[in-house]
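Architecture and fold: a report
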Amino acid sequence: MATAILEKLASVPRYPTLRVTESADASVHWCHMHADLATLPGRACFKPALVADILQYQNVLGDRLRRERMLGEAGLRHVVLASDCDAFNLGGDLEYFCESIRRQNRPALLTYARQCVRGVHAFHAGLDADAHSIALVQGDALGGGFEAALSCHTIVAEEGVGMGLPEVLFDLFPGMGAYSFLCKRIPPQQAERLMLSGDILSTEELYKMGLVDVLAPRGQGVQAVEEVIRSNRRIPHARMAMHRVRALAQPVTLEEMMAITEIWVDTALQLGGKSLRTMERLVRAQYRRHGEPAAVQA
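As the structure is a prediction and not an experimental result, all values here were calculated from the model.

**Topic: the overall build of the protein chain**
If you tally the helices and strands in the protein chain, you get 12 helices and 10 strands. Expected size for 298 residues packed as a compact globule is a radius of gyration near 19 Å; at 19 Å, the protein chain falls within 12% of this value. With respect to the principal axes defined by its C-alpha atoms, the protein chain has extents near 55 × 50 × 40 Å. Split into buried and exposed, the 298 residues of the protein chain put 51% on the buried side. Across the protein chain, the fraction of contacts at a sequence separation of at least 24, relative to all contacts at a separation of at least 6, is 74%. Total accessible area on the protein chain is roughly 13,900 Å²; 56% of this is exposed by carbon and sulfur atoms. In the protein chain, which carries 32 positive and 34 negative side-chain charges, the distance between the mean positions of the two groups comes to 1 Å.

What follows is the structure, encoded as structure tokens:
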């Protein structure tokens, strides 16, 4: 008996940077980023380890949901992307970017970018299992963090949180889904202005623009997500059909996103010293935010 239990525990995937839970009926799956920061201070960004854990989690959960669907056991499933720290996600790993750019290591940068694109596209596609993806934003979502939220079917955000695309501050653009996802919610010209301004907007402003679906009072984001789920449980077939309709009428293909991220990589490799120093200042600020000295040097 004990051996069987140990074997079962050994087979359960472990995600060092994630805290994953699910409801008793297995219809709601929560994925909290930055679980490692509780014991190992660092930066609430898309470090390669976090990207790898998210991809593994998506693959395991997606396979499971598809099997359940084939067996006729699965109704509408909900996957909630959230955070275990005071930021939803501060974006791409700027420290990794600086190192790769200084060494002109295109393969490393492209591999990282492609992994990020696969992750956000999986949320957009409902893990290829008709899942309803929800982003719960309770802290700042910047750059790639904003892109990850935009990739989800529904964005629930608390009041007073900042969201934006600051990449233009170091002469780069958000190349892992921002343009594709923004243009499904707002006109392309408005999307470009947002991307090129570098402005960090409040969730209240983004709600008025249609970029946040549900605006919740501070501290009530989880309750707002639960209400979204309750509402969709009343219309499960309509919700799943809407995902398919959206994919047909407003497709965001993985091929499109991969082509865009190639442009992002080539642009990043052209950045000079001034841009890299700006990135490094932001890295130091990220480390200070979560209580650890910066590792990069100016």
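Next comes the rest of the write-up.
**Considerations on the sheet that holds strand β6 (residues 140–142)**
In spatial order, the strands read β4-β6-β8-β9; together these 4 strands make up an open sheet with mixed pairing. The open sheet is flanked by β4 (87–89) and β9 (200–202), the only strands paired with a single partner. With strand direction ignored, the average angle separating the axes of adjacent strands in the sheet is 25°. Of the pairings in the sheet, the one linking strand β8 (residues 162–164) to β9 comprises 3 bridges and is antiparallel in character. By the bridge assignment for β9, M163 is matched with L201. Its contacts with the sheet place helix α5 (residues 144–151) against β4, β6 and β8, and it is angled at close to 100° to β6.

**Topic: the side chain of H153**
With respect to the helices and strands, the residue H153 is situated in the loop between α5 and β7 (154–158). Judged by its relative accessible area of 6%, H153 is buried. Within the local environment of H153, its side chain forms a polar contact with the backbone oxygen of H124, the two atoms lying 3.0 Å apart. Setting aside residues up to four positions removed in sequence, H153 forms contacts with F123, H124, G126, A131, H132, S133, R185, D213, R239, H243 and R246.

**What about the sheet that holds strand β2 (residues 28–33)?**
The sheet built from 6 strands is open, its strands ordered β1-β2-β3-β5-β7-β10 with mixed pairing. What marks the edges here is a single partner per strand, and that holds for β1 (18–22) and β10 (214–216). Averaged over all pairs of adjacent strands, the angle between their axes in this sheet comes to 20°, without regard to strand direction. For strand β3 (residues 78–83) and strand β5 (residues 132–137), the ladder comprises 4 bridges, and the chain directions are parallel. When the sheet's bridge partners are listed, V80 is paired in β5 with I134. Set on the sheet, helix α2 (residues 48–70) makes contact with β1, β2 and β3; between it and β2 the angle comes to about 175°.

**Considering the environment of A241**
Looking at the secondary structure, you find A241 in helix α10 (residues 236–249). On a C-alpha basis, the gap between A241 and C183 in space is 21 Å, while along the polypeptide they are 58 residues apart.

**Some words on the pattern of salt bridges**
The tally for this structure, following the rule as stated, stands at 21 salt bridges. E68 is paired through a salt bridge with R64; the nearest N and O atoms lie 3.3 Å apart. Here R64 and E68 lie together in helix α2, a separation of 4 residues that amounts to about one turn. Assessed through its relative accessible area of 14%, E68 is described here as buried. Salt-bridge contacts for D86 lead to R289; the nearest nitrogen and oxygen are separated by 3.7 Å. Remark: R289 occurs in helix α12 (residues 273–289) and D86 occurs in the loop between β3 and β4; sequence separation between them is 203 residues. For R289, a relative accessible area of 32% corresponds to the partly exposed category. A network of salt bridges, in which partner residues are shared, links E22, R64, E68 and R77.

**Here's the deal with the packing of helix α3 (residues 94–102) against helix α4 (residues 106–124)**
Close contact between α3 and α4 brings their axes to 8 Å; oriented N to C, the two are set at 150°. One way to sum up the angle between α3 and α4 is to call them roughly antiparallel. Residue-level contacts link Y96, F97, S100 and I101 of α3 to A108, L109 and Y112 of α4. The residue makeup of the contact of α3 with α4, split by class, is 6 nonpolar, 1 polar and no charged.

**A short note on the packing of α2 against α4**
As a packed pair, α2 and α4 sit with axes 10 Å apart at the nearest point and diverge in direction by 40°. One way to sum up the angle between α2 and α4 is to call them oblique. As for the relative orientation of α2 and α4, their crossing is left-handed in sense. Mapping the contact onto sequence places P48, V51, I54, L55 and Q58 in α2 and Y112, Q115, C116, R118, G119, A122 and F123 in α4. Residue composition of the contact of α2 with α4, grouped by class: 8 nonpolar, 3 polar and 1 charged.

Reading the values: rules and limits
- Residues numbered from 1 in each chain as written.
- Predicted model: local features only at pLDDT ≥ 70, side-chain atom pairs only at ≥ 80, totals over all residues.
- Heavy atoms only, no water.
- Helix = DSSP H or I, 4+ residues; strand = E, 2+ residues; numbered from the N terminus.
- Rg over C-alpha atoms; globule rule 2.2 N^0.38 Å.
- Buried < 20%, exposed > 50% of the residue type's maximum accessible area, 1.4 Å probe, protein only.
- Contact = heavy atoms within 4.5 Å.
- Areas by Shrake-Rupley, 256 points an atom, 1.4 Å probe, with all protein chains shown as cover.
- Lys, Arg positive; Asp, Glu negative; His and termini not counted.
- Charge placed at Lys NZ, Arg CZ, Asp CG, Glu CD.
- Pairing = 2+ DSSP bridges.
- Axes fitted to C-alpha atoms, helices over the stretch in contact; angles between N-to-C directions.
- Polar contact = N/O pair within 3.5 Å; in protein donor to acceptor, adjacent residues only side chain to side chain.
- Salt bridge = Lys/Arg side-chain N within 4 Å of Asp/Glu carboxyl O.
- Parallel < 35°, antiparallel > 145°, perpendicular 65-115°, else oblique.
- Nonpolar A, V, L, I, M, F, W, Y, C, P; charged D, E, K, R; others polar.
- Left-handed = near helix turned anticlockwise from the far one by under 90°.

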